[in-house]
Amino acid sequence: MNGHLKIAVQKKGRLADKSLELLKRCGLEIENYNERLFVSARNFDLDILFLRDDDIPEYVQDGVADIGIVGENVVREKRSNLSIERKLGFSKCRLMLASPENIQLDALKELSGKSIATSHPNILSEFLDENKISAKVIQISGSVEIAPSVGIADFICDLVSTGNTLKFNKLKQRWCIFESEAVLIKNNSLNNSKSDLYNNLLKRIDSSLTARKSKYIMMNIPKESLESVTKIIPSLKSPTVLPLADETSLAVHAVIPTDKFWEIIDELKMNGASGILSLPIENMIS
Ligand code: AMP
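Participant: Can you explain the site of the ligand? Please cite residues and give values.
Facilitator: By nearness alone, 13 residues border the ligand, and Q10, G13, R14, N73 and S161 come closest of all. Within the backbone of R14, one N or O atom sits 2.8 Å away from an oxygen atom of the ligand. One of the side-chain N or O atoms of S161 is found 2.8 Å from a nitrogen atom in the ligand. Protein contacts shield 77% of the accessible area of the ligand, which totals 480 Å² for the unbound molecule. Across the shell around the ligand, the residue classes tally to five nonpolar, six polar and two charged.

Participant: Outline the pattern of salt bridges, supporting the account with residue identities and numerical values.
Facilitator: Tallied over the full model, the rule gives twelve salt bridges. In this structure, D47 engages K6 in a salt bridge whose closest nitrogen and oxygen atoms are separated by 4.0 Å. With a gap of 41 residues between them, D47 in strand β3 (residues 46–51) and K6 in strand β1 (residues 5–10) connect regions that are remote in the sequence. For the pair shown, D47 and K6 are each scored as buried. A single network of salt bridges, built from pairs that share partners, joins R52, D54 and D55.

Participant: For the sheet that holds strand β13 (residues 240–243), give the residues involved together with the corresponding values.
Facilitator: For sheets, the rule is that strands pair by backbone hydrogen bonds, running either parallel or antiparallel. Here four strands make up an open sheet; going across it, the order is β13-β14-β12-β15 and the pairing antiparallel. Both outer strands of the open sheet, β13 and β15 (274–280), are each paired with one neighbouring strand and no more. The mean angle between the axes of side-by-side strands here comes to 20°, regardless of whether they run parallel or antiparallel. Here strand β12 (residues 214–222) runs beside β15; their pairing, made up of five bridges, is antiparallel.

Participant: Lay out unusual backbone geometry in plain terms, naming residues and giving numbers.
Facilitator: Located in the positive-phi region is R79, a residue other than glycine, with phi close to 55°. Relative to the elements of secondary structure, R79 occurs in the loop between α3 (72–77) and β5 (83–87). The phi dihedral of K132 falls on the positive side, at around 55°, and the residue is not glycine. Counting through the fold element by element, K132 comes out in the loop between α4 (121–130) and β8 (136–139).

Participant: Can you explain the pairing of strand β4 (residues 67–71)? Please cite residues and give values.
Facilitator: Extensive coverage of β4 is indicated by the burial of five of its five residues. Judged from the two bridges that link them, β1 and β4 form a sheet pairing that is parallel. For I7, the partnering residue across the bridge sits in β4 and is I67. Of the strand pairs in this sheet, β4 and strand β11 (residues 182–186) are connected by five bridges, and their pairing is antiparallel. From the neighbouring strand, I67 faces β11, where its bridge partner is K186.

Participant: Tell me what's going on with the nonpolar core, and back it up with residues and numbers.
Facilitator: Core analysis: the largest hydrophobic core is formed by 29 residues, its most contacted members being L46, I48, I69, L88 and L201. For this core, the elements supplying multiple residues, two or more each, are β1, α1 (16–25), β3, β4, β11 and α6 (192–212). Considering each element in turn, this core owes the most residues, six residues, to α6. When neighbours within four sequence positions are excluded, L88 is seen to be in contact with L22, I69, E181, A182, V183, L184, I205, L209 and R212.

Participant: Give a description of a negative patch on the surface that names residues and reports values.
Facilitator: A cluster of acidic side chains, namely D259, E263, D266 and E267, defines a negative patch on the protein surface. As for its position among the elements, D266 is in helix α8 (residues 261–270).

Participant: Please set out the sheet that holds β3 residue by residue, giving values where relevant.
Facilitator: Within the open sheet, the six strands sit side by side as β2-β3-β1-β4-β11-β5. Their pairing is mixed. In this open sheet, the two strands that pair with only one neighbour each are β2 (38–40) and β5. Going across the sheet, the axis of each strand differs from the next one's by a mean of 25°, ignoring polarity. Of the strands in this sheet, β1, β3 and β4 are in contact with α1, which crosses β1 at around 145°. In the packing of α6 onto the sheet, contacts are made with β1, β3, β4, β5 and β11, and the angle to β1 comes to roughly 45°.

Criteria and thresholds
Within each chain, residue numbers correspond to sequence positions counted from 1 in written order. Given that the model is predicted, a residue must reach a pLDDT of at least 70 before its local features are reported, and side-chain atom pairs must reach 80 or more before they are shown or counted; all residues, however, enter totals for whole chains, interfaces and linings. Note that the side-chain values use all heavy atoms of the structure and ignore hydrogens as well as water. In these notes, residues near a molecule or strand are those with any non-hydrogen atom within 4 Å of it. A 3.5 Å cut-off defines polar contacts: any pair of N or O atoms within that distance qualifies, except that in protein one atom must be a possible hydrogen donor and the other a possible acceptor, and neighbouring residues in sequence count only when both atoms are side-chain atoms. Under the convention used here, a 1.4 Å probe and the Shrake-Rupley method define accessible areas, while residue burial counts only the protein chains that appear. Gly is put with the polar residues, along with every residue not named as nonpolar or charged; the nonpolar set is Ala, Val, Leu, Ile, Met, Phe, Trp, Tyr, Cys and Pro, and the charged set is Asp, Glu, Lys and Arg. Take a side-chain nitrogen of Lys or Arg and a carboxyl oxygen of Asp or Glu: if they are within 4 Å of each other, that pair is a salt bridge. Put simply, DSSP H or I for four residues or longer makes a helix, DSSP E for two residues or longer makes a strand, and each gets a number counted from the N terminus. A 1.4 Å probe rolled over the protein chains alone gives each residue an accessible area, and that area as a share of the maximum for its type sets the label: buried under 20%, exposed over 50%, partly exposed in between. Any two strands between which DSSP finds at least two bridges are classified as paired. For helices, the fitted line uses only the C-alpha atoms of the stretch in contact; every axis is such a line through C-alpha atoms, and the angle between N-to-C directions lies from 0 to 180 degrees. Residues enter a nonpolar core if they are buried and are Ala, Val, Leu, Ile, Met, Phe, Trp, Tyr or Cys, with the set joined through side-chain atoms within 4.5 Å. Note on contacts: a residue pair is in contact if any heavy atoms of the two residues lie within 4.5 Å. Patch construction takes residues with relative accessible area above 30% that form no salt bridge. Like charges are linked within 9 Å, and nonpolar side chains (Val, Leu, Ile, Met, Phe, Trp, Tyr) are linked within 5 Å. As used throughout, the charge tally considers Lys and Arg to be positive and Asp and Glu to be negative, leaving His and the chain termini uncounted. Charge coordinates come from a single atom per side chain, which is NZ of Lys, CZ of Arg, CG of Asp or CD of Glu.

Structure (structure tokens):
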């Protein structure tokens, strides 16, 4: 036991690259991990364990790993009572009930007496119970989307992000029963020194998550537009305003929310902004 904090991440698959990317954005130096079961960060007391995502909640629950990054759907399906510390904003997907395109299906109650194939039997059963629907849940571990066409089940309940797999298999999305994204989970009994390491890492994760929600923009504006431009940028309490050699113009720097980026840029342009540059923000520390 080296006293390092241990984090479990997916070894291969949809969450693997983004999980490591997040840790690197937190300033951690992680050496080449190809085919290794675990590596230590070079500049932080952290060991990274590479596991199957299905196993991560159990490893964290049992204390083999102290924290983990995994899909929320996996945590919920495993019925684990681990606390979800943070939603991490990547690997977003929806657990959808879907039916063959050519079937008329208007109300949930029409699922009664039918069979539904899924790799998420627990989440599906809870949903059916809550809605007082008695349907047969057929658990399968992969390629759920082919179940209706090969006659295994009437409907399916599967994870969807773009929806292309369902379309390709002539299935139509009907009801979303769970929205998922990658989450940070934590064992409930970390000792003091691990708690300190965890809080330090969490601070870095938070600063990286906040930074991703914002962009830094720089632009030139006509002097007389300063008031209207200040109104457009919501977070701009006290803008950085710099004089330019051309005395009729000013340079303005500001932080804006990423999800409103294009709306704000369009409005700024309508108010005379030009030469707009945007930069990603690596960290935002309050
Ligand atoms: P993988 O085993 O590599 O396919 O990763 C599965 C995990 O990725 C799931 O548990 C979800 O949390 C997440 N995910 C995101 N989008 C999708 C999708 N369209 N299909 C399956 N899993 C997805």
